[in-house]
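Structure at a glance
These are the residues of each chain, in order.
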Amino acid sequence: MQIDSVIHLKSYEQIKLLLRRHAITFLPLIGIFIILLLMPIGVYFLINAIFPTFLTNTITYTLMVLFASIYYLSIYLFFYSYFVTFYLDLWIITNDRLVDIRQVTLFARTIAEIDLYQIQDISSDVSGFFPSLFNYGNVSIQTAGTIPKCILYNVPDPHHIRQVILELSAKDKDYHNK
Amino acid sequence: MSIPLYIFLFIYFAFLIIFVFFSVVNIIHIIRTGSLTFASFIITTIIGAMTIFTLFFTWALLTGTNWQTPVNILNINNANDVINFNV
């Protein structure tokens, strides 16, 4: 399925920007994932050192293998589910509107739309060591519509995005004022 | 009180059903939201490969296990046979 059909793109609409959170904000989870992958190896050596007969018993050996398998599959599943909720947070900016798709959890999703001509104020901020280094941050949008505020979290190059939205908003206002 | 070892295998299979269900839900989410990109394809492939590797490794380690072996639960003597401190 294409993104056009997800947001029901109108005939005159063009997608100008498609934004996700900066990939660098996913790195901490990859670090945690690697630590969790290595943890059973440490536990194995610890058990062998403290209880040398523990894994020679057929029953405990079988149960430990089943437990380790469940442990590994669980962390794959948590990692993958986290990736999906991370990756499905999406902001689509067209020449007519801004679509905010938020995957809150695996079974909870919110979609909000803002007409560009209703935008009143936009600000972008990059604060912190890593955001400054990798140039990512938040873009806050104030509107006169039913959704008073929308924040684009941890998007790459927020100052440029603010500029693009401002230009698109000005064009859309001109069109609506005709 | 003792139970056969295959009871734990059934518990493992029940977990696998839950695992497959949630994995399929994740994949459907990616496809239905138009997010099947190179990045999501790579992550899905890596997780899929690791899952297959883990299942194969589990199967290889447990080949030849006698699943009819009775497991004594709530028996402290059995625990003493298994846990001997290396001192």
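Quick caveat, the model's predicted, so the values are computed rather than measured.

Comments concerning the overall build of chain B
From N to C terminus, chain B includes 3 helices and 2 strands. Element order for chain B, N to C, with α for helix and β for strand: β-α-α-β-α. Taking all 87 residues of chain B together, 6% fall into the buried category.

A word on the overall build of chain A
For chain A, the count of helices and strands is 5 helices and 7 strands. Element order for chain A, N to C, with α for helix and β for strand: α-β-α-α-β-β-β-β-α-β-β-α. Computed over C-alpha atoms, the radius of gyration of chain A comes to 23 Å, more than 25% over the 16 Å expected from 2.2 N^0.38 for 178 residues, which places it beyond the range of a compact globule. Counting only C-alpha atoms, chain A reaches 85 × 35 × 25 Å along its principal axes. Among the 178 residues that make up chain A, the fraction classed as buried is 25%. Taking the intrachain contacts of chain A between residues at least 6 apart in sequence as the baseline, contacts between residues at least 24 apart amount to 53%.

Observations concerning the domain arrangement of chain A
Domain assignment breaks chain A into domain 1 (28–85) and domain 2 (89–177). Domain 1 of chain A and domain 2 of chain A are separated by 41 Å when their C-alpha centres are compared.

Considering the confidence of the model for chain A
For chain A, per-residue confidence averages 90 on the pLDDT scale, and 99% of positions sit at 70 or higher. Within chain A, no element has a lower average pLDDT than helix α1 (residues 3–6) of chain A, which sits at 75, and none a higher one than helix α4 (residues 129–134) of chain A, at 95.

Here we look at the interface of chain B and chain A
Opposite the 33 residues of chain B that make contact, chain A presents 31 residues. Breaking the side of chain B that touches chain A down by element, the ones donating at least two residues are α1 (6–32) and α2 (38–62) of chain B. Of all the elements, α1(B) adds the most residues to the side of chain B that touches chain A, at 12 residues. Here the residues of the side of chain B that touches chain A are counted per class, giving 18 nonpolar, 14 polar and 1 charged.

Considerations on α1(B)
Residue and element names in this part refer to chain B. With 27 residues, α1 extends 39 Å from end C-alpha to end C-alpha; this agrees with the ideal 39 Å at 1.5 Å per step. Taken together, the buried positions of α1 are occupied by N26, H29 and I30. Immediately downstream of α1, the backbone of G34 shows phi near 65°, a positive value.

Here's the deal with the pairing of strand β6 (residues 136–143) of chain A
All names here are of chain A. For strand β5 (residues 119–125) and β6, the ladder comprises 6 bridges, and the chain directions are antiparallel. Among the inter-strand pairings, I119 is bridged to a residue of β6, identified as T143. Where β6 lies against strand β7 (residues 149–156), 6 bridges are found, and the strand directions are antiparallel. Residue pairing in the sheet places Y136 in a bridge with P156 of β7.

Quick notes on the sheet that holds strand β3 (residues 97–105) of chain A
The pairing of strands in a sheet happens through backbone hydrogen bonds and is either parallel or antiparallel. All names here are of chain A. The strand order across the open sheet formed by 4 strands is β1-β2-β3-β4, and the pairing between neighbours is antiparallel. Two strands in the sheet have a free side with no partner beyond their single neighbour: β1 (15–19) and β4 (108–115). Here the strands of the sheet are splayed against their neighbours by 10° on average, with no regard to which way each runs. Of the pairings in the sheet, the one linking β1 to strand β2 (residues 90–94) comprises 4 bridges and is antiparallel in character. Directly across from L19, in β2, lies its bridge partner W91. Of the strands in this sheet, β1 and β2 touch helix α5 (residues 158–177), which is tilted by about 150° from β1.

What about the UniProt feature "transmembrane region" (unreviewed entry) in chain B?
All names here are of chain B. According to UniProt, the feature "transmembrane region" (unreviewed entry) maps to residues 6–31 and 38–62 in the numbering used here. Counting secondary structure, residues 6–31 comes out at 100% helix and 0% strand; the distance between its end C-alpha atoms is 37 Å. A helix fraction of 100% and a strand fraction of 0% characterise residues 38–62, whose end C-alpha atoms lie 36 Å from each other.

Some details on the nonpolar core
All names here are of chain A. Formed by 30 residues in total, the largest nonpolar core has its most connected members in V84, W91, I93, L98, L152, V155 and I161. For this core, the element with the most residues is helix α3 (residues 58–87), which contributes 8 residues. Inspection of this core shows a minimum of three residues originating in each of domain 1 (28–85) and domain 2 (89–177).

The rules behind these values
- The numbering scheme is per chain: residues are counted from 1 as the chain's sequence reads.
- Each chain is given a letter, starting from A, and each ligand a number, starting from 1, according to the order in which they appear as written.
- Whole-chain, interface and lining totals are the exception, using all residues; otherwise, since this is a predicted model, local features are given only for residues with pLDDT of at least 70 and side-chain atom pairs are given and counted only at 80 or more.
- Note on conventions: DSSP H or I runs of at least 4 residues are helices, E runs of at least 2 residues are strands, and numbering of each starts at the N terminus.
- Remark: C-beta atoms are placed from the backbone, and a residue is labelled buried if 20 or more other C-beta atoms sit within 10 Å of its own, exposed if 12 or fewer do, or partly exposed between those counts.
- Throughout, the radius of gyration refers to the C-alpha atoms, and the reference size of a globule is 2.2 Å times the residue count to the power 0.38.
- Contact definition: two residues whose C-beta atoms, as placed from backbone geometry, lie within 7 Å.
- Start and end points for every domain follow an automatic or database-based domain assignment.
- Every residue gets a pLDDT, meaning the predictor's confidence in that residue, from 0 to 100.
- The classification used treats Ala, Val, Leu, Ile, Met, Phe, Trp, Tyr, Cys and Pro as nonpolar, Asp, Glu, Lys and Arg as charged, and all other residues, Gly among them, as polar.
- Any helix carries an expected span of 1.5 Å times its number of residues minus one.
- Pairing between strands is defined by DSSP: at least two bridges between the two strands are required.
- With axes taken as lines fitted to C-alpha atoms, and helix axes fitted only over the stretch in contact, angles between N-to-C directions fall between 0 and 180 degrees.
- UniProt positions are given in the numbering used here, feature names are shortened, and annotations may be inferred rather than shown by experiment.
- Here, a nonpolar core denotes buried Ala, Val, Leu, Ile, Met, Phe, Trp, Tyr and Cys residues that are linked to one another through C-beta atoms within 7 Å.

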